[in-house]
Amino acid sequence: MGGRLWASLAVGLVGVVTLGACSTSSGTGAGASASAGNGGKIVAVGAENEYADVISQIGGQYVDTTAIMSDPNTDPHTFEASPAISKTVAAASLVVQNGVGYDGFMGTIEKASPNAARKVIDVQQLRGLPDSTPNPHLWYDPATMPVVAKAIAADLSALQPAHASYFQQNETTFVDSLKPWTDALAAFAKKYPATPVAVTEPVADYMLKAAGTRNLTPFSLETAIMNGTDPAPQDISTQTDLLSGKKVKVFVYNQQVTDDVTTKFLAAARAANIPVVGVYETMPSDGYNYQRWMVAEVDALNKAVGQGVSTEKL
C-alpha cells in the first residue's frame, strides 16, 4: 500500500475504534500519566493489530492495548481515522506504528495532540529504512519483530521501571516463539529451492524472499496494484502469461484487496490449476497471534507447492 493515499483524517466524521484481540484502554487525555485511569496499566496503541498484539504479549498484565486497524475482512486502503481514534491515540503513553507511508495518519494525530512523555516506535525509523522503501509491509520481514519487541520492552520498562524484568522476560519469550516461523521458512527454502511464484501486491514479498522463492511478477505491476493505479499493459500481459503458461507453482494474492485486474489473475490461476494462497495485511483475529499467523502463511505456501492445495483464506 505504500504510495497509495488510502488513510485520511476524517475529522468531521464520528467513527468507532476497531479493537484488536487485546484489552482496550480507557481515555486518559494527552499528557496523562502512563497508568492514570487504567488500574495502574500503561495505555498503548498499535496502529496495526499485529503490532498491538506484540505490545500485548510483552506488556501482559501491565498494559492495556488498543489496535487501530484490525479487521482482516476489510480493505485497509480505505481506512479513515476518526475523532474517536484521535482521542485514543492522544491518551496513549506508547504508540507503535509502521511508517513508510503506510499509516501516515498516525503522525498527523500525534502532532495534533502533542505529548512530550509519549513514546512512539516508528518501525521504519527503528529499522533505519528510507522513505523510498518500496514495500511497506514490514511485519512480513523476519528481521522486523525482534527489534520491535526489544524497543517495546525498553519503552515499557522506562514507563514502569518496577516491572522491567517482567517486560524483558516477555520479550525473550516472544523472540524465542518466532523460531518455528523462521525454521519453517528455512525448511521451505531447502525443500523447494527457488520456487517460482506470482503475486498481486508485495504484501508477503519479504516472507517469500525469506522462503527462497523466485517472484516472477514485474514489481512495477505489484506497485501499480498496491497504489491503485493502472498497471502497464505489458505487465498485465507478462503476468497473464506466467499464469496461463503455468510458469509458476503458486499464485499469492492480497485477499483483502481485489479489483478487476486481480480478479482476472485469480481466474487465470484457477483455470491453469495453479494453487492460490491468500495473504493478509491485517492479522486474522480467529485464534491467531502474530506468530501463529506467520506460521499459518508458510503452512499455506507448503500446501500449495507440495500438495497443490489452495488456501485462499485462513
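Our structure is the block above this text.
Since the structure is predicted, the reported quantities are computational estimates derived from the model, not experimental observations.

About the thresholds
- Residues numbered from 1 in each chain as written.
- Predicted model: local features only at pLDDT ≥ 70, side-chain atom pairs only at ≥ 80, totals over all residues.
- Heavy atoms only, no water.
- Pairing = 2+ DSSP bridges.
- Helix = DSSP H or I, 4+ residues; strand = E, 2+ residues; numbered from the N terminus.
- Contact = heavy atoms within 4.5 Å.
- Axes fitted to C-alpha atoms, helices over the stretch in contact; angles between N-to-C directions.
- Parallel < 35°, antiparallel > 145°, perpendicular 65-115°, else oblique.
- Nonpolar A, V, L, I, M, F, W, Y, C, P; charged D, E, K, R; others polar.
- Expected span 1.5 Å × (residues − 1).
- Buried < 20%, exposed > 50% of the residue type's maximum accessible area, 1.4 Å probe, protein only.
- Polar contact = N/O pair within 3.5 Å; in protein donor to acceptor, adjacent residues only side chain to side chain.

Trainee: Outline the sheet that holds strand β7 (residues 196-199), listing residues and values.
Mentor: In space, the four strands of this open sheet follow the order β8-β7-β9-β10, with parallel pairing throughout. Each having just a single partner strand, β8 (214-215) and β10 (276-279) make up the two edges of the open sheet. Sheet topology places β7 next to β8; two bridges connect them, and they run parallel. The residue bridging Pro196 from the neighbouring strand is Arg214, located in β8. Where helix α10 (residues 233-244) meets the sheet, its contacts fall on β7 and β9 (250-254), and the angle it forms with β7 comes to roughly 130°. This element, helix α11 (residues 260-271), spans β9 and β10 of the sheet and lies at about 155° to β9.

Trainee: Residue-level account of the packing of helix α1 (residues 49-59) against helix α12 (residues 290-307), with values.
Mentor: The geometry of α1 relative to α12 is characterised by a closest axis approach of 9 Å and an angle of 130° between their N-to-C directions. Here α1 lies oblique to α12, going by the angle between them. Every residue of α12 that contacts α1 at Glu50, Asp53, Val54 and Gln57 is listed here: Tyr290, Gln291 and Trp293. Residues that form the contact of α1 with α12 fall into these classes: three nonpolar, two polar and two charged.

Trainee: Give a detailed account of α12, specifying residues and quantitative values.
Mentor: Counted at 1.5 Å a residue, the expected span for α12 with its 18 residues is 26 Å, and the 25 Å between its end C-alpha atoms agrees. Looking only at α12, the buried set comprises Tyr290, Gln291, Trp293, Met294, Ala296, Glu297, Val298, Ala300, Leu301, Ala304 and Val305. Regarding α12, its N-cap is Asn289, as a side-chain oxygen of that residue lies 3.2 Å from the backbone nitrogen of Gln291 further along. Following α12 by one or two positions, Gly308 has its phi on the positive side, about 70°.

Don't take any of this as a statement about function, it's just geometry.
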